[in-house]
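Summary of structural features
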Amino acid sequence: MHRPLRLRCDSAALISNYRALQKQSKTVVGAAIKANAYGLGAQQVGERLLQAGCRDFFVSTYAEAAELVGLPDESLAVLHGFQQSDEMLPSARPVLNSVEQVRRWRNSGASSRLCDVMLDTGMNRLGLRLDELAALDGLNIHTLHSHLACADEDHPLNDVQLRRFREATQLIRAQRYSLANSAGVFLGSNYAFDLVRPGLALYGGIPRAVAGKVIKPVFAVEAQVVQTRDVHGGETIGYNATYTADHFMRVAVVNVGYADGYWRAFSNIGTAELEGQALPVCGRVSMDLVTLDVTEVTEVVAGDWVRFSIDLPTASAQTGMSQYELLTGLGSRFERIWS
Ligand SMILES: *Cc1c(COP(=O)(O)O)cnc(C)c1O
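As a starting point, this report considers the structure included with it. Just so you know, these numbers come straight off a predicted model, no measurement behind them.

Rules used throughout
- Residues numbered from 1 in each chain as written.
- Predicted model: local features only at pLDDT ≥ 70, side-chain atom pairs only at ≥ 80, totals over all residues.
- Heavy atoms only, no water.
- Near = heavy atom within 4 Å.
- Polar contact = N/O pair within 3.5 Å; in protein donor to acceptor, adjacent residues only side chain to side chain.
- Areas by Shrake-Rupley, 256 points an atom, 1.4 Å probe, with all protein chains shown as cover.
- 1 Å grid on protein atoms, 1.4 Å probe; cavity = no way out; pocket = protein on both sides within 12 Å on 5 of 7 lines; lining within 4 Å.
- Sits in = over half its atoms within 2 Å of the grid points.
- Nonpolar A, V, L, I, M, F, W, Y, C, P; charged D, E, K, R; others polar.
- Salt bridge = Lys/Arg side-chain N within 4 Å of Asp/Glu carboxyl O.
- Helix = DSSP H or I, 4+ residues; strand = E, 2+ residues; numbered from the N terminus.
- Buried < 20%, exposed > 50% of the residue type's maximum accessible area, 1.4 Å probe, protein only.

Some remarks on the site of the ligand
Around the ligand sit 14 residues in total, of which Lys34, Tyr38, Ser182, Leu200 and Tyr324 are the nearest. Lys34 has a polar side-chain atom sitting 2.7 Å from an oxygen atom of the ligand. In this structure, an oxygen atom belonging to the ligand sits 2.5 Å away from a side-chain N or O atom of Ser182. Its free accessible area being 390 Å², the ligand has 93% of it covered by the protein chains. Given that more than half its atoms are within 2 Å of the pocket grid, the ligand belongs to the largest pocket. Across the shell around the ligand, the residue classes tally to seven nonpolar, four polar and three charged.

This is the structure we're talking about:
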């Protein structure tokens, strides 16, 4: 069935961002493809990065890992580790996060297989505490990880975590060590170790201002006009009448809304474009629709496609939502089209 809204995704930009992260980190680059590759499509992203040489992919759960096809054995690491009800997959290694998970892994009968381990160096989210390292004795560790809490800021915890992780690398033997997410890649090469694990920057997010020089946008939203209408001076537009026309206007009502991740926070501040002309959002974004001012554009008709080029840092500043939320909110009604 024809879908009236689509997400245009740019393979060349994705690969270019992957290469930029290789150049910046000077080490091996894996890819966080959890949460459906932040909304862009985990299978499609995985295939493209695999072709570009990527051999390390990160998902949150075994359920996410099980949905992916065609990735090489052991190329996926499951960030939430090995839960009671999880079933082993040839494609995936668990990232063990706690003494309890280590015990479960040892008792699983698979513990001669390689596993990954997450250490908590100061975030207090997932990972073994540094006083629990004895639990790792004898494990066959592929990659030892830790995760930065504040890499997108200049925060003293970055240095503290780096120092603690470096100490842990002296104590725990593993084939590889990994600390940095996207923002961490831009903190400096001393954060890179043997593997970095970007997600956001692969998909065009800018985690630190310097990344803006090398990271390219990967997606744009396109949606079709459902109808156009005249609005007379003095009339209001949309829910709660938040926009009042101060002159005669032509508006286009377009097939995308907050159920698709085009958030209400874009009400009266977002813009779309058609043939290079900016079309401001008028009034509230609805669940399935948004209204655009097309007064200056000649001949907009139902069925025309308009484009929302959502610049992630700008949109984040405008809405108060994180770039992660803006990406992962992109809904399921889009046709995802990779060029
Ligand atoms: C999500 C995640 C990443 C990727 O983070 P970005 O900020 O999107 O680059 C890396 N490591 C871990 C442990 C994660 O959970």
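Quick look at the pattern of salt bridges
Charged atoms that come close allow side chains of opposite charge to pair. Under the criterion given, the structure shown has 14 salt bridges. Linking Arg93 and Glu74 is a salt bridge whose minimum nitrogen-to-oxygen distance equals 4.0 Å. Of this pair, Arg93 sits in strand 6 (residues 92-96) while Glu74 sits in the loop between helix 4 (62-66) and strand 5 (76-78); the two residues are 19 residues apart in sequence, bridging distant segments of the chain. Classification of Arg93 as buried rests on a relative accessible area of 3%. The salt bridge partner of Arg208 is Asp154, with a shortest N-O separation of 2.5 Å. One end of the pair, Arg208, is in the loop between strand 10 (195-196) and strand 11 (219-231); the other, Asp154, is in the loop between strand 8 (141-146) and helix 6 (156-171), and 54 residues separate them in sequence. Exposure remark for Arg208: the relative accessible area of 15% places this residue in the buried category. Via salt bridges that share partners, Arg6, Arg8, Glu222 and Arg307 belong to a single interconnected network.

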